[in-house]
Number of protein chains: 2
Amino acid sequence: MHAHTPRVLERHLFGPGPSNPYPEATAALALPLLGHLDPAFLEIMDATCDDLRQVWGTRNTRTLPLSATGSAGMEAAFVNTVRPGDVAVIAVNGLFGRRMCDVAARCGAEVVPVEHEWGTPVDAQRVADAHPSPTVIGAVHAETSTGVRSDIAALGAIKGDALLIVDAVTSIGGIEVCADDWGVDVGYAGTQKCLGVAPGLAPFTINDRAFERRVENPQSWYLDLGLLGGYVGEASGSGRRTYHHTAPVAMVASLHAGLRRILDEGLENVWNRHAETGLVLQEGLLKMGLELFAEEGHRLPELTTVRVPDGVDSAAVRRYLLERHNLEIGAGAGEFAATVWRIGLMGHNARPDAALLVLAALEDALRANRG
Amino acid sequence: MHAHTPRVLERHLFGPGPSNPYPEATAALALPLLGHLDPAFLEIMDATCDDLRQVWGTRNTRTLPLSATGSAGMEAAFVNTVRPGDVAVIAVNGLFGRRMCDVAARCGAEVVPVEHEWGTPVDAQRVADAHPSPTVIGAVHAETSTGVRSDIAALGAIKGDALLIVDAVTSIGGIEVCADDWGVDVGYAGTQKCLGVAPGLAPFTINDRAFERRVENPQSWYLDLGLLGGYVGEASGSGRRTYHHTAPVAMVASLHAGLRRILDEGLENVWNRHAETGLVLQEGLLKMGLELFAEEGHRLPELTTVRVPDGVDSAAVRRYLLERHNLEIGAGAGEFAATVWRIGLMGHNARPDAALLVLAALEDALRANRG
C-alpha cells in the first residue's frame, strides 16, 4: 500500500526513445475511451491510417497501426512474407539489422547476413552481390543503435524480384521516408521516436506486391495480415468490419493526435526542424571536443552517437544527468555499451532549446565526472 | 485538416470490453512519460508484477504484462509451450476456446477440440476423456462470447502431466482467480475488462513447471519468454536488465494505477461489487421478461448474455442505445451475432447505478424499437 502519492517525475527523454510525446498526443491518451467497434472510433482509426500513409510516403491500402510495439512490426513483416527455406538477405550495420536475422531465422529462412562495420551505412552493391535470388531483402533505414542513415532507394533499385523490408522505427516522422518511390514493399515503425507518441503501436505498411505473395495462415495469429485486414486497412469505410482483437483504442487515439500535430505543422517543416536541431547538437558536441561515432555524411539528425571520452565513466555521466537534471541519454548498443552515448532529439524534442539544454547538461556532467 | 476540434464523446462502455477505465488508470496515462530503462519506471514495472501476482492468485516469479493485447497473451501461451506434433486438448464452449485451437494449430499442435454447446460450462470429465496424454490442456475461465464461467480447479484436478493453459481475459479482477491453487500452469488476460484499464497489455503468468518445459527459440521473437525474462520477471530487482523491446511505458503506468485502485479497495470487495452488480442486472432483465443465454448456475456477474426478443432488430437496438444514450452494449458472438446481446459491467462499471442505467436504457430502447 502507498501511504502517500509519489512525486511526479518529469524527465527530458533525450535517449534513443521513447521521447517526450507531443502534448496533443498525451492529452488524447486521457480522453474518454471509445469501444473498438464504435463508429466514432472507426473514424479515428481510418483517419489514423490516412495520416500514416502520408508519413510513410505511400498509397498502400494496407497501412495501419499494429497493436504492439515496433519490434512486433519487425516480426509481422517477416512472419507474413517468409516461408521455411526462403532466402532472406539482411543488411546488418547495427543491432536492429542483427535482430532482423534472428526474427527471419525463426520463420525458417535461410538467412544471409551482409555485415557492415557499425557506424557505417548499408552498401547496396554488397547486398546485391550477397545472393542471386533472395526472397526478401531486409535493411534498417535509421539504425537506432549507431545513429546512421542508409540509402533505401539504392536498395529498391537493386532488389530485383525480392521483397524489400524496411525498418523505419527511428526515421518515420523525423526524416524523409518515401516508401513507394523507394521501392519499399513492407515497412514497419514505432510510435515513440520521431512520431512523438508513447510506445505501444507499430505503424505498418505493405504493398499489393508483397500482400499477394503473403504467407497464408502464418505462424502468428496475432500478426496475421490476412485476418487483420477484416478490421482495418482494406475494410476501411466498407461498413463491414470483422472483429479480430480488441484494438488498443487509447493508444490509437493518441497516435492520431500526434500525426495530426505533425501534419498540421507540415511534414517538411517537421523534417527541417529535426535537421536543424541535429545540426545544433552535433556542431556543439564537436565544439566541445567530442568525437561523433557515425560516419560523416550519414549521420541521423534525430539520433546522435558520440564517443565517451577516455577516462570518463559512461554510466556515471548518465546517472548524473538523470539525477541532477532529470535528463536521460542512452548508453551505446552491443559492444559499444560503455564507449558510446546515444542522444535523441526526436519528435517534440526536436527543438533548438532541447539541443542547447543537452549540450549544457553534458558539459556540466563531464566537468563533474572527469575525476 | 480539422477546421475545429471535434466534440468529445463520453460513452458508457457496457459491452464485452473495453470497459470505462478506473479514473486513476486514465489519469496515469497522461502523466509525464518515463524511459523504459529509467530506475523510476523499473520500480513501477516491478510493483505492477507484484500486484499482478495478487490478482492472478499466484507466486510465480514470471508474472508480467506482455506488450500487446490479450489475444497476444493467448499466442504467447501456446508459442512458448507447444512444439510441432504436441497434443493440445482444447475445451471449446465459445469463440475464445475456438481461437485457442487456431493458435495451437499454428504452433504445429495436433489439436483435439472438446466441443460444448455454447452457453454451457466446460465439462472436466469430457476433457479428461478426450486424450490419454496431452501436452497441454487449454480452457477459458470466463467465456467472453457466452457469459459462462467454467470450473478451472476441476481441470487442474484432471490435467495429469499436461500443462494447463487458462484464458482469464474476462475473469481477472472481476471474479475469483486462484492460479496456483487451481493448478494453472500458464495464464493470460487482458487489461480492458474487469481490471478497468484501457486495452493494450496482456497480464501473463507462467509457473516453473511450464517454464522448464518451454520451447527454446520459439517461433515468436516478440513473445519469447526466455528473452523477456531478462527485462522483467526474473530480472526484477536484480539490477541487471537486458533490453528486449521498448515497453509500452504509459500503458504499464496505467495498469499499475488500476491495480492499485483494485488492491486498495480490496480484491474480495471488488469481486463482491461485481457479483452484486451482476445480480441486479440479471434479475432486472428477467423481470423485464427477457431470457438469459448462459446456463443458470454458471453465469458470469461481469458479463451477461441475454436473448434478443423475437421480432426485435438487435442492431437497431444497439444503435439506438449508442446514439440516444451514448451507451454501448455488444452483439452476440459467432452464430449468435443477431440473437444475443452481451452486457458487460466490468471494473469501474461494476456498480449498481450502472446496472440500473442499462436496464432503464434497454427498456427505453425496446419500447422505441418494437415497431
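A brief report on the enclosed structure follows. (Residues numbered from 1 in each chain as written. Chains lettered and ligands numbered in written order. Predicted model: local features only at pLDDT ≥ 70, side-chain atom pairs only at ≥ 80, totals over all residues. Heavy atoms only, no water.)

What follows covers the overall build of chain A. Within chain A, the regular secondary structure consists of 13 helices and 14 strands. In terms of its C-alpha atoms, chain A occupies a principal-axis envelope of roughly 60 × 55 × 45 Å. Buried residues in chain A amount to 65% of all 371 residues. In chain A, 71% of the contacts between residues at least 6 apart in sequence involve partners at least 24 apart. Summing over all exposed atoms, chain A offers an accessible surface of approximately 13200 Å²; the carbon and sulfur share of this is 49%. Both charge centroids of chain A, one from 31 positive and one from 45 negative side chains, sit 4 Å from each other. (Helix = DSSP H or I, 4+ residues; strand = E, 2+ residues; numbered from the N terminus. Buried < 20%, exposed > 50% of the residue type's maximum accessible area, 1.4 Å probe, protein only. Contact = heavy atoms within 4.5 Å. Areas by Shrake-Rupley, 256 points an atom, 1.4 Å probe, with all protein chains shown as cover. Lys, Arg positive; Asp, Glu negative; His and termini not counted. Charge placed at Lys NZ, Arg CZ, Asp CG, Glu CD.)

With that settled, the discussion passes to the side chain of histidine 274 of chain B. Along the polypeptide, histidine 274 of chain B turns up in helix H11 (residues 267–287). With near-sequence residues (within four places) excluded, histidine 274 of chain B lies in contact with Gly173, Gly174, Cys194, Pro301, Glu302, Leu345, Met346, Gly347 and Ala350 of chain B.

Turning to the relation of the copies chain B and chain A, a few remarks are in order. Least-squares fitting of chain B to chain A yields an RMSD of 0.0 Å, with the transformation described by 0.0 Å of translation along the axis and a rotation of 180 degrees. On the angle and the small slide along the axis, the relation comes out as a two-fold axis. Minimal C-alpha separation from the rotation axis in chain B is found for alanine 68 of chain B, amounting to 2.4 Å. When the interface residues of chain B are mapped onto chain A, 100% of them again fall at the interface, so both copies present the same face. (Least-squares fit on C-alpha atoms with pLDDT ≥ 70 in both.)

Residues and elements named next belong to chain A. Within the fold, alanine 142 resides in strand E6 (residues 142–143). A residue is classified by how much of its surface remains accessible, and alanine 142, at 0% relative accessible area, is buried. In this structure, the C-alpha to C-alpha distance between alanine 142 and arginine 299, residues 157 residues apart in sequence, is 9.1 Å. When near neighbours in sequence (up to four residues on either side) are disregarded, alanine 142 contacts Val148, Asp167, Thr170, Ser171, Leu300 and Glu302.

Before going further, it helps to examine the side chain of arginine 53 of chain B. Residues and elements named next belong to chain B. Among the structural elements, arginine 53 can be located in helix H2 (residues 39–56). On the accessibility criterion, arginine 53 (17% relative accessible area) is buried. Engagement of the side chain of arginine 53 in a polar contact is seen with the backbone oxygen of threonine 61, the distance being 2.9 Å. Residues within four places of arginine 53 in sequence aside, it is in contact with Thr58, Arg59, Asn60, Thr61 and Thr63. (Polar contact = N/O pair within 3.5 Å; in protein donor to acceptor, adjacent residues only side chain to side chain.)

Glancing now at the sheet that holds strand E14 (residues 340–344) of chain B. All names here are of chain B. Ordered in space as E11-E14-E13, the 3 strands form an open sheet in which the pairing is antiparallel. The open sheet terminates on both sides in strands that have one partner only, identified here as strand E11 (303–307) and strand E13 (330–331). Bridge count for E11 against E14 is 5 bridges, and the pairing is antiparallel. Bridging from a neighbouring strand, threonine 305 pairs with arginine 342 of E14. Contacting E11 and E14, H11 crosses the sheet at an angle of about 10 degrees to E11. (Pairing = 2+ DSSP bridges. Axes fitted to C-alpha atoms, helices over the stretch in contact; angles between N-to-C directions.)

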